[in-house]
Structures are given as structure tokens and as C-alpha cells.
Amino acid sequence: QVQLVESGGGLVQPGGSLRLSCAASGSIFSIYAMGWYRQAPGNQRELVARILNVGSTNYADSVKGRFNISRINAKNTVYLQMNSLKPEDTAVYYCNADLVATIRGRGDYWGQGTQVTVSS
């Protein structure tokens, strides 16, 4: 069984920073990519940032220059450093992993979500 556990959400003022963490654990053979998605009330879930196992990254246009995704492969952990936060960044942030589990094979796995609220 594979689990993704997120941490680091919370309430921050506009212009502030937060760092999200996500650790994957369980029967994992390999991880191709890890990323962060977000979903605000009334909106569809959208990609925020993604990082491949070789290190290449991609970001949503709305967060480029403000957010940075990084990963420690040996720890199956991904981080999202969020700077210059805006009220429109408020959402539930979900960790995602595209991985090969030892029993179930390749698939998409999701964390439970962590709330990020940007408000004065």
C-alpha cells in the first residue's frame, strides 16, 4: 500500500511564504514524477508544479517566479516553496505521485490535501 502524507499548509498574509512537504511511503518500486495540484472552491483541480525523477520541472503560469518545487529522490519527498503568496493562491493543495508500486504497478497516487489560506 502506498501513502502520500502532506504537511505545511496554513494561514498566511498576502506576500508571505509557506513551504509544503509531501512524503511517499509504502510498497514503492520507483517514482517517475511528483507534483502539487490545487483546488479552490467552485474550481477544478489544477496543476501547480511538477518535477520528474530526472529533475526537470514545470509550473503553472500563475505561480512561475513565485513557487519552487524540489525533490529528494532518496527520501521519496517533494517540497513546494511558495513565496509572494496572493489571496488567489488560496486552495486545498494536493500532492501527487506517478509511481510504480511493487504490487499494483504504475499509477497515480494522491495525498489527502492540505489547506492554504492567504488572507489579511
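Right above here is the structure, for reference.
These numbers come from a predicted model, not from an experiment. Starting afresh in each chain, residues are numbered from 1 along the sequence in its written order. Two thresholds apply to this predicted model, a pLDDT of at least 70 for residue-level local features and 80 or more for giving and counting side-chain atom pairs, whereas whole-chain, interface and lining totals are computed over all residues. Hydrogens and water molecules were not included; the side-chain quantities draw on all heavy atoms of the structure.

### Considering the environment of Val2
Part 1: Helix and strand assignments come from DSSP, with helices taken as H or I runs of at least 4 residues and strands as E runs of at least 2, each series counted from the N terminus. Within the fold, Val2 resides in strand E1 (residues 2-7).
Part 2: Put simply, Val2 and Trp110 are 108 residues apart on the chain and 9.4 Å apart in space, counted from C-alpha to C-alpha.
Part 3: Throughout, a residue-residue contact means that at least one pair of heavy atoms, one from each residue, lies within 4.5 Å. Beyond its immediate sequence surroundings of up to four residues, Val2 is in contact with Ser25, Ser27, Ile28, Leu99, Ala101 and Tyr109.

### Considerations on the pattern of salt bridges
Part 1: When a carboxyl oxygen of Asp or Glu is within 4 Å of a side-chain nitrogen of Lys or Arg, the pair counts as a salt bridge. Considering all chains together, one arrives at 6 salt bridges under this definition.
Part 2: A salt bridge links Asp89 to Arg38; the nearest nitrogen and oxygen atoms lie 3.0 Å apart. In this pair, Asp89 sits in the loop between strand E8 (77-82) and strand E9 (91-101) while Arg38 sits in strand E4 (residues 28-39), placing the two residues 51 residues apart along the sequence. Arg38 carries the same exposure label as Asp89, and that label is buried.
Part 3: A salt bridge links Asp98 to Arg50; the shortest N-O distance between them is 3.9 Å. One end of the pair, Asp98, is in strand E9; the other, Arg50, is in strand E5 (residues 46-52), and 48 residues separate them in sequence.
Part 4: Owing to a relative accessible area of 12%, Asp98 belongs among the buried residues under this scheme.
Part 5: Working definition: with a 1.4 Å probe on protein chains only, accessible area under 20% of the residue-type maximum means buried, over 50% means exposed, and in between means partly exposed. On the accessibility criterion, Arg50 (25% relative accessible area) is partly exposed.

### Regarding the packing of aromatic side chains
Part 1: When two rings of Phe, Tyr or Trp (its six-membered ring) have centres within 6.5 Å they constitute a pair, described as stacked for plane angles under 30 degrees, edge-to-face for angles over 60, and tilted for the intermediate range. Scanning the model with the defined rule gives 1 aromatic pair in all.
Part 2: Note on Tyr37 and Trp110: the rings are 5.0 Å apart at their centroids and 65 degrees apart in plane angle, and the pair reads as edge-to-face. Of the two residues, Tyr37 is situated in strand E4 and Trp110 in strand E10 (residues 105-110); the sequence distance between them amounts to 73 residues.
Part 3: Relative accessible area serves as the criterion here: at 36%, Trp110 is assigned to the partly exposed category.
Part 4: A ring has a charge above it when a Lys NZ or an Arg CZ is no more than 6 Å from the ring centre and no more than 35 degrees off the ring normal. The ring of Trp110 has Arg45 lying over it, and the distance from NZ or CZ to the ring centre is 4.7 Å.

Functional significance is not addressed by these values, which are geometric in nature.
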